[in-house]
Number of protein chains: 2
Amino acid sequence: MTLNNYKNEDKVLLAVDCIIFGFDKEELKILLIKRNFEPEKGKWSLIGGFLKKEENLDEAAIRILHHLTGLNNIYMEQLYAFSKVDRDPAERTISVAYYALIDIASHDDDLIRIDSAQWFSLKNAPKLIFDHHRMVERAIARLQRRALGKPIGFELLPEKFTMRQLQKLYEAILDKKLDKRNFINKFNSLDILVKLDEKDMSMSRKGAYLFQFDEEKYRSKVEEGFSFKL
Amino acid sequence: MTLNNYKNEDKVLLAVDCIIFGFDKEELKILLIKRNFEPEKGKWSLIGGFLKKEENLDEAAIRILHHLTGLNNIYMEQLYAFSKVDRDPAERTISVAYYALIDIASHDDDLIRIDSAQWFSLKNAPKLIFDHHRMVERAIARLQRRALGKPIGFELLPEKFTMRQLQKLYEAILDKKLDKRNFINKFNSLDILVKLDEKDMSMSRKGAYLFQFDEEKYRSKVEEGFSFKL
DNA sequence: TCAAAAGTGTTCTGTTTACACCCATGG
DNA sequence: CCATGGGTGTAAACAGAACACTTTTGA
């Protein structure tokens, strides 16, 4: 018959860490910053900060990302709460990780001024503080499952892109080579792309047709999900 | 050039709420308790409590479940952190939801003494406090995705069960009728069941063969996942 | 003898995979 | 004129969906 007015319960620091995935035509990258406070000052870290009383976690993630990088209007999704007792040696902290996908090229301007933030390809990212590497691992796993269950790409690609870029994106996420024809057929059958008359001439002499997402159809496919075997 | 020693950051109460799914041969149910403290005393609620400084979230979930229901050795999985600013009117609280699957029959003895805990079928569960209904919704969605991506059932069924029980479990989770022959064929092709010589005579005159999971094969299928379209 | 649940295979259809050649162009 | 990347279709294998009748036995 407890009378619980919450007064005797422990309170903790609640951190939010962001795994920001970017794609730059060839490779999947993550955005890291050099930490400028103790502990672990000077080491590479995910972008992170603390939840404030007057905001929810989604808002905190957006605020923190914006504050540290200048990035705006980034859609983020909650990943997992990490809570090992000694994960942060300085103080008991629980961290809720968020992940996001962005097109590196179209956000470079925002980022270029932030000298402590830097893109690293997944393969040769530096060692990270605390349990941040586990966050990244889990984010990659989630991204892969995600890529097979919904179309992604709207967030990671520029507005206009070639089929080859789209395929490279999937190859980067899934970390395997895909068959060109099967990929195109599959994607076309989803009926979410619009072929433009324009060509991208930067990659070949022949040029490659540019595509755009049909935003409405894309959104509805994202809603309903689908099964994408590759 | 912030010098951040964490001292100025807000601390919050971190709750853990548990969505306990049970299965009793026909229906999917959830375990609720009548809340015995303010606010919302006397209302139905998920099983919940607060994280303590010296434990991680998984441990807290196990402790809370055990403390309120007597249930032991229940495997739980983290679902999502709910953080709307005014979700708990009494105080700013973030709640990390966990969900679990258990076989009702084999845990009835533990539970029978706890008069404030009760099983409700999903369809006619009572109104819940705070945002607990959203937690349940999300847990159901997760459970459904889960059921299609990994074999489940080990947790929700008694050790020996009939094919019909297994099928009913999947029907309850996915909330749709499945074809008997296709279901059996599919499950057999996974090669994780052992057919016993025993029959269950309680459901029919003819009797139905009992099966067991081959624990080793089951575990490895759980690891790797699979794609189960039904 | 019949009601109630158990058990069992085949066909059809759609999806996934594997695979190779010509095209357009700038240098 | 040729090197480079772009574009295209088909056949074979596999997985999923639909479907109906026989068996057992306790009452």
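Reading the values: the criteria
Residues numbered from 1 in each chain as written. Chains lettered and ligands numbered in written order. Predicted model: local features only at pLDDT ≥ 70, side-chain atom pairs only at ≥ 80, totals over all residues. Heavy atoms only, no water. Near = heavy atom within 4 Å. Polar contact = N/O pair within 3.5 Å; in protein donor to acceptor, adjacent residues only side chain to side chain. Helix = DSSP H or I, 4+ residues; strand = E, 2+ residues; numbered from the N terminus. Nonpolar A, V, L, I, M, F, W, Y, C, P; charged D, E, K, R; others polar. Contact = heavy atoms within 4.5 Å. Buried area = accessible area lost by both parts, 1.4 Å probe. Salt bridge = Lys/Arg side-chain N within 4 Å of Asp/Glu carboxyl O. Pairing = 2+ DSSP bridges. Buried < 20%, exposed > 50% of the residue type's maximum accessible area, 1.4 Å probe, protein only.

Please explain the protein's contact with DNA strand D as it appears in this structure.
Near DNA strand D lie 17 residues; those nearest to it are Arg164, Lys180, Lys206 and Tyr209 of chain A together with Arg205 of chain B. One of the side-chain N or O atoms of Lys180 of chain A is found 2.9 Å from a base oxygen in DNA strand D. Measuring from a base nitrogen of DNA strand D, one finds a side-chain N or O atom of Asp179 of chain B at 3.3 Å. Listing elements by their share of the surface near DNA strand D, those giving two or more residues are helix 5 (180-190) and strand 10 (208-213) of chain A together with helix 5 (180-190) of chain B. Split into classes, the residues belonging to the surface near DNA strand D amount to three nonpolar, four polar and 10 charged.

Help me out: how do you make sense of the interface of chain B and chain A in this one?
Often, the extent of an interface is quoted as the loss of accessible area on bringing the components together. Taken residue by residue, the interface counts 42 residues in chain B and 42 residues in chain A. For the pair chain B and chain A, the summed buried area comes to about 3900 Å², and 54% of that belongs to carbon and sulfur atoms. Of all residues in chain B, Tyr6, Lys11 and Lys53 of chain B bury the most surface against chain A, accounting for 19% of the area lost on that side. Our enumeration of links across chain B and chain A arrives at two salt bridges. Between Lys11 of chain B and Glu91 of chain A there is a salt bridge; the shortest N-O distance is 2.8 Å. Taken together, the connections running from chain B to chain A amount to 18 residue pairs in polar contact (both at pLDDT 80 or more). When contributions to the side of chain B that touches chain A are tallied by element, the ones reaching two or more residues are strand 1 (11-23), helix 1 (57-69), strand 5 (76-82) and strand 6 (93-103) of chain B. Of the residues assigned to the side of chain B that touches chain A, the class counts are 18 nonpolar, eight polar and 16 charged. The sheet contact formed by strand 1 (residues 11-23) of chain A and strand 1 of chain B spans three bridges and is antiparallel.

Looking at this structure, how should I read unusual backbone geometry?
Note: most peptide bonds trans; most residues except glycine with negative phi. Cis geometry is adopted by the peptide bond preceding Pro39 of chain A, which originates at Glu38 of chain A and carries an omega value of -5°. Despite not being glycine, Asn73 of chain A has its phi angle at roughly 55°, a positive value. Of the residues examined, Asn73 of chain A reaches a relative accessible area of 79% and is grouped as exposed. Phi angles above zero are rare outside glycine, and Glu40 of chain B is one such case at about 70°. Along the polypeptide, Glu40 of chain B turns up in the loop between strand 2 (28-34) and strand 3 (44-45).

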